[in-house]
Amino acid sequence: MMLAEIGATAKGGCNRQALTDEDKRGRDLFVEWCKEAGCIVKIDEMGNIFARRAGRDNDLPAVIAGSHLDTQPTGGKFDGVYGVLSALEVIRSLNDAGIETETPIEAVCWTNEEGARFSPAMIGSGVWAGEFDIEYGHSRADKDGKTLGDELEQIGYLGDVPCKPDNIKAAFEVHIEQGPILENEKLQIGVLTGVQGMRWYDLIIEGQPCHAGPTPMEVRRDPCMGLHQILASLYKLIEANSPWARVTFGDIKTEPGSRNTVPERVIVAVDIRHPDQSVLDEIDASFHEIVEKVCQKMKLEGTIKDEWISPAVKFDSNCINAVQDAVDLLDYSNMQMVSGAGHDSVYVSRVASTSMIFVPCEKGLSHNEEENAKFEDLEAGCNVLLHAMLNRSKV
Ligand SMILES: [Zn+2]
């Protein structure tokens with residue numbers, strides 16, 4: 001709640017976008033708390049923060065946990081922040097209980113997870129995991145042309161530690177679910193087995209512009225007449241793969257965009273998701289077939305451009321089991337599930353054994369100033385994180 005005061009919005013949310021003055025104040029507070037808890041704090045070249053609590057053998061690989069402190073422009077109090085502070089709370093709890101662990105433990109804050117100010121999302125963990133190089137990371141610019149590298153320097157978080165994994169035994173991330181499943185099922189903990197695959201496309205359908213009045217319907221080459229058939233077929237395809245397949249047409253544009261002209265072109269942003277990579281591949285193939293068939297029939301030109309591909313992620317079985325054992329030990333109601341949203345753990349899992357823990361959030365709302373979660377659920381998630389980390393770190 002103290003962190004939520006930094007960048008607080010009138011509607012009870014947070015606007016603490018990456019590398020703004022608010023983000024700096026949030027980071028400063030986190031670092032101060034970590035130092036108070038006896039941690040050694042390191043900042044890497046992407047501004048990722050690693051706060052380390054020493055173990056008995058500091059040459060052993062570390063067990064890490066974290067998430068992000070940046071928010072959407074109209075974000076909530078819990079998305080990301082909860083995961084960072086839970087890791088700190090694990091460290092504080094070990095201090096309070098006087099427990100020494102075999103391996104070091106680290107609380108991590110990843111830079112620019114949201115992608116709201118600098119695209120793409122999850123860039124701090126992405127560079128760390130080797131998905132992007134450091135030059136690419138630093139050169140990302142916001143809409144005013146300010147680069148991520150310059151802004152890191154500006155707020156004092158351009159560190160000199162190389163941005164790459166350094167001896168990691170296991171990585172965990174606890175997060176609010178950002179969807180309604182746990183709340184609807186009246187369950188307290190989601191044990192995550194992976195993150196669903198996502199594909200972003202631009203669908204472009206081209207026809208022939210003509211006058212909206214004199215041109216009979218049957219002679220038109222109207223891209224919208226093709227589009228509505230493509231949308232209907234895609235919704236049907238997704239329904240046939242329910243409940244896990246998802247399709248979203250979040251942005252539909254016509255050109256030239258005049259009320260009394262049949263458009264020459266429609267451009268549609270398409271987002272398709274499924275947790276199983278083979279099913280996602282099948283849906284991708286069917287999507288291409290549908291567009292080809294409809295456009296041929298309607299004498300239109302259809303093009304599908306890949307915008308972004310994020311393959312389905314399967315988390316590490318040792319880490320999943322560590323979470324499941326912790327949940328069972330603490331006797332919390334739970335289910336195994338996959339994440340519908342992307343998280344830093346997607347990239348972290350490419351280079352380290354990783355898994356995630358979800359807790360319910362009110363009405364499944366997130367990326368929303370009204371985002372809310374019950375303290376008892378947040379506490380439960382944090383307890384699970386503690387025991388999962390101890391499982392991998394050994395007491
Ligand atoms: Zn998040």
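What comes next is a walk through the structure. Residue indices begin from 1 for each chain and proceed along its sequence in written order. Given that the model is predicted, a residue must reach a pLDDT of at least 70 before its local features are reported, and side-chain atom pairs must reach 80 or more before they are shown or counted; all residues, however, enter totals for whole chains, interfaces and linings. The basis for every side-chain value is the complete set of non-hydrogen atoms in the structure, without hydrogens or water.

## Comments concerning the overall build of the chain
Inclusion rule: In this text, helices come from DSSP runs of H or I with a minimum length of four residues, and strands from runs of E with a minimum of two, each type numbered from the N-terminal end. What the globule rule says is 2.2 Å times the number of residues to the power 0.38, and the radius of gyration is computed from C-alpha atoms. Between buried and exposed lies partly exposed: a residue is buried under 20% and exposed over 50% of the maximum accessible area for its type, with that area taken using a 1.4 Å probe on protein chains only. Note on definitions: a residue-residue contact is assigned when non-hydrogen atoms from the two residues lie within 4.5 Å. Charge assignment: positive for Lys and Arg, negative for Asp and Glu; neither His nor the chain ends contribute. To locate a charge, the coordinates of NZ of Lys, CZ of Arg, CG of Asp or CD of Glu are taken.
Looking only at helices and strands, one finds 11 helices and 15 strands in the chain. Taking 2.2 N^0.38 as the reference for a compact globule, 395 residues should give roughly 21 Å; the C-alpha atoms of the chain span a radius of gyration of 23 Å, in line with that estimate. Based on the C-alpha atoms only, the size of the chain along its principal axes is roughly 80 × 45 × 40 Å. Counting every position in the chain, which comprises 395 residues, the buried fraction comes to 52%. Residue pairs at least 24 apart in sequence account for 78% of intrachain contacts in the chain once pairs closer than 6 positions are excluded. When the 38 basic and 64 acidic side-chain charges of the chain are each reduced to a single mean position, those positions are 3 Å apart.

## Description of the layout of surface pockets
The line we're drawing: Any residue with an atom within 4 Å of a point lines the site, the site being either a cavity, points on a 1 Å grid over the protein atoms alone where a 1.4 Å probe fits but cannot get out, or a pocket, an open set with protein on both sides within 12 Å along at least 5 of 7 lines. Grid points are joined across faces, edges and corners, and a volume is the space filled by probe spheres set on the points. Throughout, the ten residues Ala, Val, Leu, Ile, Met, Phe, Trp, Tyr, Cys and Pro are labelled nonpolar, Asp, Glu, Lys and Arg are labelled charged, and all others, Gly among them, are labelled polar.
Empty space within the largest pocket amounts to approximately 1100 Å³. In terms of lining residues, the largest pocket is bounded by 43 residues, among which Met198, Trp200, Arg273, Ala341 and Gly342 are the most central. Listing elements by their share of the lining of the largest pocket, those giving two or more residues are β7 (197-206), β9 (246-255), β11 (265-274), β12 (301-310) and β14 (334-339). Taken as a whole, the second largest pocket spans an internal volume of roughly 590 Å³. Lining the second largest pocket we find 22 residues, and of these Tyr82, Leu85, Ser86, Glu89 and Leu378 sit closest to its centre. The set of elements that each furnish at least two residues to the lining of the second largest pocket consists of α2 (81-97) and α11 (375-393). Among the elements that line the lining of the second largest pocket, the one with the most residues is α2, at 9 residues. Looking at side-chain class alone, the lining of the second largest pocket contains 15 nonpolar, 3 polar and 4 charged residues.

## Some details on the packing of aromatic side chains
The cut-off we apply is this: Between 30 and 60 degrees the pair is tilted, below 30 it is stacked and above 60 it is edge-to-face, where a pair is any two Phe, Tyr or Trp rings, Trp via its six-membered ring, whose centres lie within 6.5 Å. Criterion for a charge above a ring: Arg CZ or Lys NZ at most 6 Å from the ring centre, at most 35 degrees from the ring normal.
Counted according to the given criterion, the structure contains 7 aromatic pairs. Between Tyr235 and Phe249, the ring centres sit 5.3 Å apart and the planes meet at 85 degrees, which makes this aromatic pair edge-to-face. Taken together, the residues span a long stretch of sequence, with Tyr235 in helix α7 (residues 223-240) and Phe249 in strand β9 at a distance of 14 residues. Its relative accessible area of 13% is what places Phe249 among the buried residues. Taken together, the aromatic side chains of Phe50, Trp110 and Trp128 make up a single cluster linked through ring pairs. Here the guanidinium or amino end of Arg27 rests over the ring plane of Tyr157, the centre of that ring lying 5.0 Å away. One cation-aromatic arrangement involves Arg140 over Tyr136; the distance from NZ or CZ to the ring centre is 3.8 Å.

## So, the side chain of Thr20
Within the secondary structure, Thr20 sits in the segment before α1 (21-36). Once you skip the residues sitting within four places of it in the chain, Thr20 turns out to touch Arg117 and Ile155.

## Here we look at the nonpolar core
Side chains of nonpolar character tend, in soluble globular proteins, to be buried together. What counts here: Only buried residues count toward a nonpolar core. Its members are Ala, Val, Leu, Ile, Met, Phe, Trp, Tyr and Cys residues joined through side-chain atoms within 4.5 Å.
One finds Phe30, Phe172 and Ile189 to be the most contacted residues of the largest nonpolar core, which totals 87 residues. For Ile189, the residues in contact, after removing those within four places along its chain, are Leu182, Val327, Tyr332, Ser333, Asn334, Met335, Ile357, Phe358, Val359, Ala380, Gly381 and Val384.

## Concerning the environment of Ile283
Here Ile283 is to be found in helix α8 (residues 277-297). Here the alpha-carbon distance between Ile283 and Arg273, two residues 10 residues apart in the chain, equals 9.2 Å. Excluding its chain neighbours within four sequence positions, the residues that come into contact with Ile283 are Leu237, Ile238, Asn241, Ala245, Ile272 and His274.

## Observations concerning unusual backbone geometry
Between Ser242 and Pro243 the backbone carries a cis peptide bond, its omega angle lying at 5 degrees. Looking at the element boundaries, Pro243 is found in the loop between α7 and β9. The backbone phi angle of Asn112 is positive, close to 50 degrees, even though this residue is not glycine. With respect to the helices and strands, the residue Asn112 is situated in the loop between β4 (105-110) and α3 (123-128). A relative accessible area of 2% places Asn112 in the buried class. Despite not being glycine, His367 shows a phi value in the positive range, around 50 degrees. If you trace the backbone, His367 turns up in the loop between β15 (354-359) and α11.

## As for the side chain of Asp79
What counts here: One side-chain nitrogen of Lys or Arg within 4 Å of one carboxyl oxygen of Asp or Glu is enough to make a salt bridge. What qualifies as a polar contact is a pair of N or O atoms within 3.5 Å, subject to a donor-acceptor requirement within protein and to the restriction that residues adjacent in sequence count only when both atoms come from side chains.
Relative to the helices and strands, Asp79 resides in the loop between β3 (62-68) and α2. No salt bridge is formed by the buried Asp79; the nearest opposite charge belongs to Arg16, separated by 9.2 Å. A distance of 3.2 Å separates the side chain of Asp79 from the side chain of His367, its partner in a polar contact. If near-sequence neighbours (up to four positions away) are discounted, Asp79 is found in contact with His68, Asp70, Glu114, His175, Ile176, Gln178, Ser366, His367 and Glu371.

Just geometry here; none of it tells us what the structure is for.
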